[in-house]
Amino acid sequence: MNDIKILAIESSCDETSAAVIRDGELLSNVISTQIDIHALYGGVVPEIASRSHLEAIPSVVDTALKTAGYTLEDMSAVAVTRGPGLVGALLIGVSYAKALAMAANKPIIGVDHMAGHISANFLLGAKPPFLCLVVSGGHTMIVRVNDYTDFTILGSTRDDAAGEAFDKVARVMGLAYPGGAKLDKLAAEGDEYSIDLPKAMIKEDNYDFSFSGMKSAVLNYLNKAKMKNEEVNKADLAASFRRSVVDILVTKLEKAAKEEGIGTIAVCGGVACNSLLRSELKKLADKNGYELYIPDATLCSDNAGMIASQAYHMYLKGDFSDLKLNAVPSLELGC
Amino acid sequence: MLILSIDTSTVAASVAVMDENKLHGMYYTNYKLKHSEKLLPLVDGLLKEINMSLSDMDAFAVTTGPGSFTGLRIGAATIKGYAYALNSPIIPISTLEALSYSQPNFDGIIVPILDAQRNQVYTAEFVNEGDVPVRISEDRAVALEELCRELMAKLDGNKKAMFLGDGVYKFREEIVSVMGEKATFADMVTMLPNAAYAAKAALASGKRESAYSLELNYIRKAQAEENLKK
């Protein structure tokens, strides 16, 4: 099918975003972030996020359409993130998208946010089957991408997500929100083998993860130092923690690639912005001759471009929703 | 002027189409919330039933608060979507004013109250002049007991206060215990806001907003913002 144009909307957390895709090629991807507002509170405040989405959404959508050079009338369908995410935030995107679709007489496509993250790689040319390491503030999983809209979760975290662990460790180290990115910067100045932290489950024969114990190990380290009145080298601690987390992620991904016999690997989600993870994945791909896909920072963070990418493939399969489409805050991939 | 109006400010959800001469239709449900799932099918069903479409509308109206934060946003996001798609104006209506329109023959103070939690209500006061309710106080959040005492001081002779809104479900006994016979209550048909009265208020309103400029009147800031100020 040719000349398929889709408007996609994303409002699952603290970014209001809209994008236009034409035949699988992204034409616009507008993101209005609320990070500065939530930084005052040290984390995302759901009620404030919902209020901000409602204010921002018309102009974000309008800019996405104008940047692409189209109007709503030109679209083949309207797509929106239906979950997972903050329910009040999701409802703004879902309600607005349904109203647009109804008023313009277009089909509506409800997209899984995590399928969206994975689909950022389709925009780079990744072709299924491939393995995708999904690492964000709410998720950590290794997914076999069987087809553009068909995913199998091979393993996932049993407690905290990797991004959550980065943010929590950053907070106890006194780094400002959003801490994960600041921890990554600080780590660049430290010695990553100076502090011995556990690498939870790295040797276990599965593709699962556990990061809450590692977070506790950092807390214990800080408390012990405090009791002994010792100065902590924060750069060393950040570097050591980052090294442990990245080693686990890369080791498990390599194990999955070998056992599944898949030579194409990809990564997605906010933690895919982590500089060490990116460089270690490149090393892994070089060592084994894997084809590697790493989306740029914009496509790794929450954005509607990735939602548009998944929606395009859902459109080709005729996978549409109706006007009853609702937000599903705890939506699980493949459900 | 043909108007499509929506109200999702409380547990009830409704949509109406009205012009100066006629209420063309209204769908109203008061069953297990789920406004986000029900609202669009309600609008679609009503328009099909009366053989109209969104593009026939001259303007859209929506209750902009006070009320349930999430409910208000579902209504406003939907109306913004319609208004953006069709490049139409939006007429914002205070939820309390929409409620006041349901008591055209009452000769006293009309007092819509919506549950604001923390033992408070969102409220404003109205009196009928001719067949139009006229606002005598601004929308606010106030402790119920304080409101009742204020009203007792304001009511002359045999004038009464007519209470309506979901606050009545919660505070009816308390109101009666403070105000006795000075308090009266709306019947169940007009107890909650609905889109037809919102449309009636919209026809009388000179306000016009767009998808971009429409704002909700939450009255209260988010809890986290209030805590930050302390």
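Residues numbered from 1 in each chain as written. Chains lettered and ligands numbered in written order. Predicted model: local features only at pLDDT ≥ 70, side-chain atom pairs only at ≥ 80, totals over all residues. Heavy atoms only, no water.

*Asks:* Explanation requested: the overall build of chain A in the structure shown.
*Replies:* A count of helical and extended segments in chain A gives 11 helices and 10 strands. For 335 residues, the compact-globule estimate of 2.2 N^0.38 gives 20 Å, and chain A sits close to it at 20 Å. Counting the 335 residues in chain A, one finds 59% classified as buried. Intrachain contacts of chain A at a sequence separation of at least 6 include 73% that bridge at least 24 residues. Carbon and sulfur atoms form 48% of the exposed surface of chain A, whose accessible area is close to 12,800 Å². Here chain A contributes 32 positively and 42 negatively charged side chains, and the mean placements of these two sets differ by 3 Å. (Helix = DSSP H or I, 4+ residues; strand = E, 2+ residues; numbered from the N terminus. Rg over C-alpha atoms; globule rule 2.2 N^0.38 Å. Buried < 20%, exposed > 50% of the residue type's maximum accessible area, 1.4 Å probe, protein only. Contact = heavy atoms within 4.5 Å. Areas by Shrake-Rupley, 256 points an atom, 1.4 Å probe, with all protein chains shown as cover. Lys, Arg positive; Asp, Glu negative; His and termini not counted. Charge placed at Lys NZ, Arg CZ, Asp CG, Glu CD.)

*Asks:* Quick question: what am I supposed to make of the overall build of chain B here?
*Replies:* Within chain B, the secondary structure is distributed over 7 helices and 12 strands. Taken against the 2.2 N^0.38 rule, which gives 17 Å for 230 residues, the C-alpha radius of gyration of chain B at 18 Å falls within 12% of a compact globule. With respect to the principal axes defined by its C-alpha atoms, chain B has extents near 50 × 45 × 30 Å. The buried share among the 230 residues of chain B stands at 54%. Look at the contacts in chain B between residues 6 or more apart in sequence, and 64% of them connect residues 24 or more apart. Only carbon and sulfur atoms are counted for the fraction: they give 49% of the accessible area of chain B, which is about 9,900 Å².

*Asks:* Mind showing me how you'd approach helix 9 (residues 275–288) of chain A here?
*Replies:* For the α-helix, the turn length of 3.6 residues means that residues three or four positions removed from each other point alike. Residues and elements named next belong to chain A. Between its terminal C-alpha atoms helix 9 stretches 20 Å, which fits the 20 Å expected from 14 residues at 1.5 Å a residue. Regarding helix 9, the residues found buried are Leu276, Leu277, Arg278, Glu280, Leu281, Leu284 and Ala285. Two or three places before Leu276, at the start of helix 9, stands the capping residue Asn274, its side-chain oxygen 3.1 Å from that residue's backbone nitrogen. Phi turns positive, to about 70 degrees, at Gly289, one or two residues after helix 9. (Expected span 1.5 Å × (residues − 1). Polar contact = N/O pair within 3.5 Å; in protein donor to acceptor, adjacent residues only side chain to side chain.)

*Asks:* Help me understand the interface of chain A and chain B in this model?
*Replies:* The accessible area lost on association of the parts is a frequent measure of interface size. Opposite the 28 residues of chain A that make contact, chain B presents 31 residues. Together chain A and chain B conceal approximately 2,600 Å² of surface at their shared face, both sides included; 70% is due to carbon and sulfur atoms. Taken as a group, Arg51, Leu54 and Met102 of chain A account for 24% of the area that chain A buries against chain B, more than any other trio of residues on that side. The tally of links between chain A and chain B comes to 1 salt bridge. (Buried area = accessible area lost by both parts, 1.4 Å probe. Salt bridge = Lys/Arg side-chain N within 4 Å of Asp/Glu carboxyl O.)

*Asks:* In this structure, what is going on with the packing of aromatic side chains? I would like to understand it.
*Replies:* Here a ring pair, both rings aromatic, is described through the centre-centre distance and the interplanar angle of the planes. All names here are of chain A. Evaluated as defined, the whole model comprises 9 aromatic pairs over all chains. Here Tyr315 and Phe320 contribute two aromatic rings whose centre-to-centre distance is 5.4 Å and whose plane-to-plane angle is 80 degrees, an arrangement assigned as edge-to-face. On the accessibility criterion, Tyr315 (17% relative accessible area) is buried. With a relative accessible area of 36%, Phe320 lands in the partly exposed category. Taken together, the aromatic side chains of Phe122, Phe130 and Tyr148 make up a single cluster linked through ring pairs. (Phe/Tyr/Trp six-rings, centres within 6.5 Å; stacked < 30°, edge-to-face > 60°.)

*Asks:* Any chance you could explain the domain arrangement of chain A here in plain terms?
*Replies:* All names here are of chain A. Parsing chain A into structural domains produces domain 1 (5–119 + 301–317) and domain 2 (127–294). With centres defined by C-alpha atoms, the gap from domain 1 to domain 2 works out at 28 Å. Counting residues at the interface gives 17 residues for domain 1, matched by 18 residues for domain 2. At the junction of domain 1 and domain 2, the tally comes to 1 salt bridge. A salt bridge links Asp147 to Lys317, with the nearest nitrogen and oxygen atoms 2.9 Å apart. Put simply, domain 1 and domain 2 have 4 residue pairs in polar contact (both at pLDDT 80 or more) between them. Mapped by element, the contributors of at least two residues to the side of domain 1 that touches domain 2 are helix 1 (35–39), helix 4 (113–119) and helix 11 (304–317). (Domains from an automatic or database assignment.)

*Asks:* Any chance you could explain the domain arrangement of chain B here in plain terms?
*Replies:* Residues and elements named next belong to chain B. Domain parsing of chain B yields domain 1 (3–95 + 193–229) and domain 2 (103–185). Domain 1 and domain 2 are separated by 24 Å when their C-alpha centres are compared. Contact residues are listed per partner, giving 13 residues for domain 1 and 11 residues for domain 2. With both chains or domains summed, domain 1 and domain 2 bury close to 1,000 Å², and 52% of this area falls on carbon and sulfur atoms. A per-residue breakdown of the area domain 1 buries against domain 2 is headed by Pro66, Ile219 and Arg220, which together make up 48% of the total. A salt bridge links Glu226 to Arg118; its shortest N-O distance comes to 3.6 Å.

*Asks:* Mind showing me how you'd approach the sheet that holds strand 4 (residues 77–83) of chain A here?
*Replies:* What holds strands together in a sheet is hydrogen bonding between their backbones, with the strands either parallel or antiparallel. Residue and element names in this part refer to chain A. The mixed open sheet is built from 5 strands, whose spatial order is 3-2-1-4-5. Edge positions in the sheet fall to strand 3 (25–33) and strand 5 (108–112), since each of these pairs with one other strand and no more. Recorded for the sheet is a direction-independent mean angle of 20 degrees between the axes of neighbouring strands. Pairing between strand 1 (residues 5–10) and strand 2 (residues 15–22): 6 bridges, direction antiparallel. (Pairing = 2+ DSSP bridges. Axes fitted to C-alpha atoms, helices over the stretch in contact; angles between N-to-C directions.)

*Asks:* Quick question: what am I supposed to make of the packing of helix 2 (residues 46–68) of chain A against helix 2 (residues 69–86) of chain B here?
*Replies:* How two helices sit against one another is set out by the angle between their axes and by the gap between those axes. For the pair helix 2 of chain A and helix 2 of chain B, interaxial distance at closest approach is 11 Å and the crossing angle is 10 degrees. The angle between helix 2 of chain A and helix 2 of chain B places the two elements in the roughly parallel class. Where helix 2 of chain A abuts helix 2 of chain B, its residues Glu47, Ser50, Arg51, Leu54, Glu55, Pro58, Val61, Asp62 and Leu65 of chain A lie against Phe69, Arg73, Ala76, Ala77, Lys80 and Tyr84 of chain B. Class assignment for the residues of the contact of helix 2 of chain A with helix 2 of chain B results in 8 nonpolar, 1 polar and 6 charged. (Parallel < 35°, antiparallel > 145°, perpendicular 65-115°, else oblique. Nonpolar A, V, L, I, M, F, W, Y, C, P; charged D, E, K, R; others polar.)

*Asks:* Which parts of the structure should I look at to understand the state of the cysteines?
*Replies:* Throughout this description, disulfide means a covalent bond between two cysteine sulfur atoms. All names here are of chain A. If you walk through the whole model with that rule in mind, you get 0 disulfides over all chains. Not engaged in a disulfide, the cysteine Cys13 finds its nearest cysteine sulfur in Cys273; these two sulfurs lie 14 Å apart. Relative accessible area serves as the criterion here: at 30%, Cys273 is assigned to the partly exposed category. (Disulfide = S-S within 2.5 Å.)

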